[in-house]
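So you can see what is in the structure, the chains are spelled out below.
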Amino acid sequence: MFITPAFAQGATGAGGGTDMLIQLAPFLLIFVVMYFLILRPQQKRAKAHQEMVTALRRGDVIVTAGGLVGKVTRVVDEAEIELQIADNVRVRQLRSQIATVRAKGEPAKDEAPAA
């Protein structure tokens with residue numbers, strides 16, 4: 001009778017820190033699951049795509065994000081390549097818009113042919 005309800009409620013919550021941890025545990029679990037199921041595979045794919053794009057060279061047959069299939073005729077700069085999609089038809093393509101490499105080209109020869 002002499003104890004107020006607020007004081008009585010505060011006395012029973014001696015383990016307040018563990019209650020907070022138990023309440024946050026589902027959120028932490030959801031974050032960990034999302035990281036391993038969504039974020040990590042996406043980062044791996046982005047890294048593999050970046051490596052594929054930087055390894056492009058003349059002669060590679062590629063498929064663009066728009067569905068064009070062509071052969072790399074020259075590397076313009078770090079961001080663009082020149083792509084031959086038909087006889088006497090060449091277009092410039094952004095490297096970031098390349099979907100896949102279908103066939104690797106021959107490596108460029110370092111020395112000139114003997115005449």
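Nothing here was measured: the structure is a model prediction, and the numbers come from that model. In this numbering scheme, every chain counts its residues from 1 along its sequence in written order. Thresholds applied to this predicted model are a pLDDT of at least 70 for local features of residues and 80 or more for the giving and counting of side-chain atom pairs; totals over whole chains, interfaces and linings are not thresholded and use all residues. Computation of side-chain values: all heavy atoms of the structure, hydrogens and water removed.

K.L.:
How should the overall build of the protein chain be read in this particular structure?
P.N.:
Across its full length, the protein chain carries 2 helices and 5 strands. Strands are runs of DSSP state E lasting at least two residues, helices are runs of H or I lasting at least four, and both sets are numbered from the N terminus onward. Helices and strands appear in the protein chain in the N-to-C order α-α-β-β-β-β-β. Here the protein chain, with 115 residues, has 15% of them falling under the buried criterion. Pairs of residues are marked as contacts when any of their non-hydrogen atoms sit within 4.5 Å. Considering only residue pairs separated by 6 or more positions, the protein chain has 41% of its internal contacts joining residues 24 or more positions apart. In the form shown here, the protein chain has an accessible surface area of approximately 9,500 Å², with 61% of it arising from carbon and sulfur atoms. Each residue's exposure class comes from its accessible area (1.4 Å probe, protein chains only) as a fraction of the maximum for that residue type: buried when under 20%, exposed when over 50%, partly exposed otherwise. Accessible surface is estimated by sampling points in the Shrake-Rupley manner with a 1.4 Å probe; for residues, cover comes only from the protein chains shown.

K.L.:
Help me understand the sheet that holds strand 1 (residues 61-64), please; the structure alone is not making it clear to me.
P.N.:
In any sheet, the strands associate via hydrogen bonds between backbone groups, in a parallel or an antiparallel arrangement. Strand order in the open sheet made by the 5 strands is 4-3-2-1-5, with antiparallel pairing throughout. Edge positions in the open sheet fall to strand 4 (89-94) and strand 5 (98-103), since each of these has one partner strand only. Across the sheet, the axes of successive neighbouring strands diverge by a mean angle of 45 degrees, strand direction being ignored. With 4 bridges joining them, strand 1 and strand 5 adopt antiparallel strand pairing. Considered in strand 5, the bridge of Ile62 is made with Val101. For two strands to count as paired, DSSP must find a minimum of two bridges between them. To define axes, lines are fitted to C-alpha atoms, for helices over the stretch in contact only, and angles between the resulting N-to-C directions are given on a 0 to 180 degree scale.

K.L.:
Could you clarify how one ought to interpret the UniProt feature "transmembrane region" (unreviewed entry) in the protein chain in this entry?
P.N.:
UniProt positions are given in the numbering used here, feature names are shortened, and annotations may be inferred rather than shown by experiment. Look at the UniProt record and you will see "transmembrane region" (unreviewed entry) annotated at residues 20-39. The annotated region residues 20-39 carries 100% helix and 0% strand content, and the separation between its end C-alpha atoms amounts to 27 Å.

K.L.:
Teacher, can you tell me more about the pairing of strand 4 here?
P.N.:
Each regular strand shows side chains that alternate between the opposite faces of the sheet. Direction of pairing for strand 3 (residues 80-86) relative to strand 4: antiparallel, over a ladder of 6 bridges. Residue pairing across strands places Leu83 opposite Val91, the latter belonging to strand 4. Taken together, strand 3 and the strand that follows it, strand 4, pair antiparallel across an intervening segment of 2 residues, in which Asn88 is found at a positive phi of about 60 degrees.

K.L.:
Looking at this model, I keep getting lost on the nonpolar core. Mind explaining?
P.N.:
Among the buried residues, those of types Ala, Val, Leu, Ile, Met, Phe, Trp, Tyr and Cys that are joined through side-chain atoms within 4.5 Å form a nonpolar core. Among the nonpolar cores identified, the biggest contains 6 residues, and these are Leu56, Ile62, Val72, Ile81, Leu83 and Ile98. When near neighbours in sequence (up to four residues on either side) are disregarded, Ile81 contacts Leu56, Ile62, Val72, Arg74, Val75, Val76, Val91, Arg92, Gln93, Arg95 and Ile98.

K.L.:
Would you mind showing me how to read the confidence of the model for the protein chain here?
P.N.:
Atom-level detail of predicted coordinates should not be read off regions where pLDDT is low. pLDDT expresses how confident the predictor is about each individual residue, on a scale running from 0 to 100. On average, residues of the protein chain score 84 in pLDDT, and 77% of them reach the 70 mark or higher. Looking at the elements of the protein chain, mean pLDDT is at its lowest for helix 1 (residues 5-12), recorded as 59, and at its highest for strand 4, recorded as 95.

K.L.:
How should I be thinking about the pattern of salt bridges in this particular structure?
P.N.:
Any two side chains of opposite charge can pair, on the condition that their charged atoms come close. Salt bridges are defined as contacts in which a side-chain nitrogen from Lys or Arg sits within 4 Å of a carboxyl oxygen from Asp or Glu. Tallied over the full model, the rule gives 3 salt bridges. In this structure, Glu82 engages Arg74 in a salt bridge whose closest nitrogen and oxygen atoms are separated by 3.4 Å. Taking relative accessible area as the criterion, Arg74 reaches 42% and is therefore assigned partly exposed. Arg92 serves as the salt-bridge partner of Glu80, at 2.5 Å between the closest nitrogen and oxygen. Separated by 12 residues along the polypeptide, Glu80 in strand 3 and Arg92 in strand 4 bring together distant segments of the chain. On the basis of relative accessibility, which here comes to 22%, the residue Glu80 falls in the partly exposed class. Three or more residues are tied together by salt bridges with common partners; here these are Arg74, Glu82 and Arg90.

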